[in-house]
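# Architecture and fold: a report
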Protein chains: 2
Amino acid sequence: MGKVIVKAFSLSLDGYGAGPHQTLKEPMGVGSEDLHTWMRTTKMFHQMTGKDGGTEGPDNDIATNSMSNLGAWIMGRNMFGPIRGPWPDNDWKGWWGPEPPYHCPVFVLTHHAREPLEMKGGTIFYFITDGIESALEKAKKAAKDKDIRIGGGVSTVRQYLQAGLIDEMQLTISPVLLGSGENLFAGLDLLALGFNEVEKINGEKAMHVVLKKNSGLFVLRRRKLQSLRMNDRMPPSLL
Amino acid sequence: MGKVIVKAFSLSLDGYGAGPHQTLKEPMGVGSEDLHTWMRTTKMFHQMTGKDGGTEGPDNDIATNSMSNLGAWIMGRNMFGPIRGPWPDNDWKGWWGPEPPYHCPVFVLTHHAREPLEMKGGTIFYFITDGIESALEKAKKAAKDKDIRIGGGVSTVRQYLQAGLIDEMQLTISPVLLGSGENLFAGLDLLALGFNEVEKINGEKAMHVVLKKNSGLFVLRRRKLQSLRMNDRMPPSLL
């Protein structure tokens, strides 16, 4: 059985996954391109966009891993395109040209029904109008034993988080400030939602972390740290 | 003229500089010890607490740098001690024993007057009751051409940030989640406050960043990125 995961989801230091003032030209808001500088320079991204070159190393490993073992995607409608409200026609086919990089079923959350859209290379966009649980159920059937990636944007990830439906998140903290926009964590208690283990991978241009649910290890770790702290007369306020 | 700085200020991935449920035994709240794991293992921290050993490397460099060229400190009263309300007596002399690691004047923000407190090694605690600007003015006089470090906690840093009085911040993002507590950035727009340049230093156990105010460079960078993006048909939503 595959996992429900978030991968290569980039946040600013101040917690934003998208900037303010989203427009057709800047669909993720002002400043958001800085969030993904780490990815644009990788060999994986160069390959995906039909270019030569690009860096190898931890950033590239994370980028490559983010596309591996995926059996289905779920994304919000704003990640699929800039159109709001009812579909005027069937002309919009995503940002990615005739052959999107997904190569599997992609379930697009929307309030407006539309026929499935089959693209080159195995990507089929399905438009789901009956909610996030329904989309996940369909994605699980489609993905079989592969993972289901919750692609984004921020609002879609938050909805799945709040519903307790995400197993694991690989987030990337980019060394940029956005100041405002869509905050991933605001009002959410990630510990209460069960994420209690963090793995860190230093990238060349960003810090990558993997958040897992593993309450057993967590309790042990917490107890150990508590007993260490009681024995160690360190000055807590200076720290 | 020295700078007004924040240094080695540790945040969780979800933006908290202190955890929930602050008590005498856990003055920075539950889970907060994990914020400073990166520092406790360094040679600098070992030396400061009278121990042998400790790691060298980027984390140690950051820890060492955080204590260098300081002419004065400013801290909130809760960083000085656990007592709330009026001082019952003059017995509480900080968490740090007879010789605190500051070795310079330390201005403690409080609503309750108290005589200055001289400690071994050059630390003198002054209790300032007439506001953050007054404390900064006194600290500047005391520091001469050295830097003034705004020590913490979160609330104190936020007050100085909102007043536009901080020149530079070296923050450390620790790969931990606190879930709740005191959030450094909530409701603050760091870009609007003038922080527009970010330097990243990979640590062994955390990511260190230096936030600077440098609007000229920022505007150039933003323009350049915008023109790059217009020329480059990258798929914005996949990123």
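Counting of residues starts from 1 at the beginning of each chain's written sequence and follows it residue by residue. As a convention, the first chain written is A and the first ligand written is 1, with the rest following in written order. For this predicted model, a pLDDT threshold of at least 70 governs which residues receive local features, and a threshold of 80 or more governs which side-chain atom pairs are given and counted, while totals over whole chains, interfaces and linings are taken from all residues. Side-chain numbers come from the whole structure's heavy atoms, not from hydrogens or water.

### Digging into the overall build of chain A
Numbering goes from the N terminus for both helices and strands, where a helix is a DSSP run of H or I of at least four residues and a strand is a run of E of at least two. Broken down by element type, chain A carries seven helices and eleven strands. All accessibility values rest on the Shrake-Rupley procedure with a 1.4 Å probe; residue burial counts only the protein chains present in the view. Accessible surface computed for chain A: about 10,500 Å², of which carbon and sulfur atoms make up 51%.

### Some remarks on the sheet that holds strand β1 (residues 4-11) of chain B
All names here are of chain B. For two strands to be treated as a pair, DSSP must find no fewer than two bridges joining them. Reading across from one edge, β5-β6-β4-β3-β7-β1-β8-β11-β10 is the order of the nine strands in this open sheet, with mixed pairing throughout. Only two strands of the sheet have a single neighbouring strand rather than two, namely β5 (117-118) and β10 (197-202). By definition, residues are in contact when any of their heavy atoms lie within 4.5 Å. Every angle, taken between N-to-C directions, lies between 0 and 180 degrees, and every axis is a line fitted to C-alpha atoms, over only the stretch in contact when it is a helix. Strands β1, β8 (168-173), β10 and β11 (207-212) of the sheet are contacted by helix α3 (residues 58-65), whose axis makes an angle of about 125 degrees with β10.

### A few points about the confidence of the model for chain A
A low pLDDT score tells you not to read the predicted coordinates there in detail. Residues and elements named next belong to chain A. Per-residue confidence from the predictor is given as pLDDT, running between 0 and 100. In this model, chain A carries a mean pLDDT of 90, and residues with pLDDT of at least 70 account for 90%. Of the regions scoring below 50 in pLDDT, residues 228-239 engages in 31 contacts with residues more than four places distant in sequence or in other chains. The ipTM value of the predicted complex is 0.86, and its pTM value is 0.88.

### Regarding the packing of aromatic side chains
Note on aromatic pairs: each is described by the distance of the centres and the angle between the planes. Centres within 6.5 Å are what make two rings of Phe, Tyr or Trp a pair, Trp counting through its six-membered ring; a difference in plane orientation under 30 degrees is then read as stacked, over 60 as edge-to-face, and the rest as tilted. Within the structure shown, the criterion is met by 22 aromatic pairs over all chains. Seen in terms of ring centroids, phenylalanine 80 of chain B and tryptophan 87 of chain B are 6.0 Å apart; in terms of plane orientation they differ by 80 degrees. Their pairing is edge-to-face. Taken individually, phenylalanine 80 of chain B and tryptophan 87 of chain B each receive the classification buried, so the pair is uniform in this respect. Between phenylalanine 80 of chain B and phenylalanine 127 of chain B, the aromatic rings sit 5.2 Å apart at their centres with planes inclined by 75 degrees, giving edge-to-face as the arrangement. Highlighted residues: phenylalanine 80 of chain B in helix α4 (residues 77-80) and phenylalanine 127 of chain B in strand β6 (residues 124-128), separated in sequence by 47 residues. The same class applies to phenylalanine 80 of chain B as to phenylalanine 127 of chain B, namely buried. Taken together, the aromatic side chains of Trp73, Phe80, Trp87, Trp96, Tyr102, Phe125 and Phe127 of chain A make up a single cluster linked through ring pairs. Three labels apply to residues, based on accessible area from a 1.4 Å probe with only protein chains included: buried if under 20% of the type maximum, exposed if over 50%, partly exposed otherwise in between.

### Looking at the pairing of β8 of chain B
The side chains of a regular strand alternate, first on one face of the sheet and then on the other. Residues and elements named next belong to chain B. The buried fraction of β8 is high, at six of six residues. Here β8 shows no split at all, with Glu168, Gln170 and Thr172 on one side and Met169, Leu171 and Ile173 on the other all buried. Bridge count between β1 and β8: five bridges; the pairing is parallel. Across the sheet, residue valine 6 finds its bridge partner in β8, namely methionine 169. Two elements, β8 and β11, share six bridges in a ladder whose sense is antiparallel. Among the inter-strand pairings, glutamate 168 is bridged to a residue of β11, identified as lysine 212.

### Here's the deal with the side chain of threonine 123 of chain A
Residues and elements named next belong to chain A. Mapping threonine 123 onto the fold places it in the loop between β5 (117-118) and β6 (124-128). Looking at threonine 123, the relative accessible area reads 0%, which means it is buried. Excluding anything up to four places from it in sequence, threonine 123 contacts Pro100, Tyr102, His103, Cys104, Val106, Leu117 and Glu118.

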